[in-house]
Amino acid sequence: MEIRPIQVADVPGFLDLWNRVYSEGTFLAKGPPPVDRAMSTIERVVKESIPNFVAIMESRLIGAVEVFPGTMCGKNYDGAEKAGHLGIQVDYSYRRRGIGRNLMIAAISDSARFGYKTIQLSVFESNTPAIRLYKSLGFLVYGHGATVTLPAGTTTRELHMVLNPENMDLT
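(A) Main features of the packing of aromatic side chains. The final tally for this structure, using the stated rule, is three aromatic pairs. Both rings, one in F114 and one in Y116, keep their centres 5.0 Å apart while their planes meet at 55°; by these two values the pair is tilted. For F114, a relative accessible area of 22% gives the class partly exposed. A relative accessible area of 0% means that Y116 is categorised as buried.

Printed below as a string of structure tokens:
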């Protein structure tokens, strides 16, 4: 398995991965963006070296992690450009093999280089394996968000977590 920065050529595989995870109905509330929007976003990510990584196994994209500046996520509070907003997807067939952890470590390490002061994420309370992973990497709960009904029909609430990458020991 290889973990490397995302490339523009990865967009079709990235969208396919997002569709696969979304189709499970329990981890993502929204499907992937249109191809043109994903393409322009990844072009910007590559140009600006924004922390985004993919996991590749046997030429297939099986995982991805994105840490976008808050300003790319519609945030306009003071310092939003220095707050990374993290998303991660791992193909069902490859979970519980350390891929998510390795992607997170790559993203957290690169986020410090990029200049983020914090990394924020939202996870559904029903996603206990992900919450355990995030806590094991130093993320702390700082609040709750909306209650949502997921595509599978279950209702859950968002949990907001934060990490300061400058204080992270990833060894």
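Don't stop here, the text continues.
(B) Up close: the pairing of strand β5 (residues 118-124). Judged by how many residues are buried, β5 sits mostly within the fold: five of seven residues are covered. One ladder, built from three bridges, connects strand β4 (residues 83-90) with β5; its direction is parallel. If you follow A83 over to β5, its bridge partner there is T118. Note: β5 against strand β7 (residues 155-163), six bridges, orientation antiparallel. Residue pairing in the sheet places F124 in a bridge with E158 of β7.

Reading the values: rules and limits
Residues numbered from 1 in each chain as written. Predicted model: local features only at pLDDT ≥ 70, side-chain atom pairs only at ≥ 80, totals over all residues. Heavy atoms only, no water. Phe/Tyr/Trp six-rings, centres within 6.5 Å; stacked < 30°, edge-to-face > 60°. Buried < 20%, exposed > 50% of the residue type's maximum accessible area, 1.4 Å probe, protein only. Helix = DSSP H or I, 4+ residues; strand = E, 2+ residues; numbered from the N terminus. Pairing = 2+ DSSP bridges.

Everything listed here is a matter of coordinates, which is why it stays silent on function.
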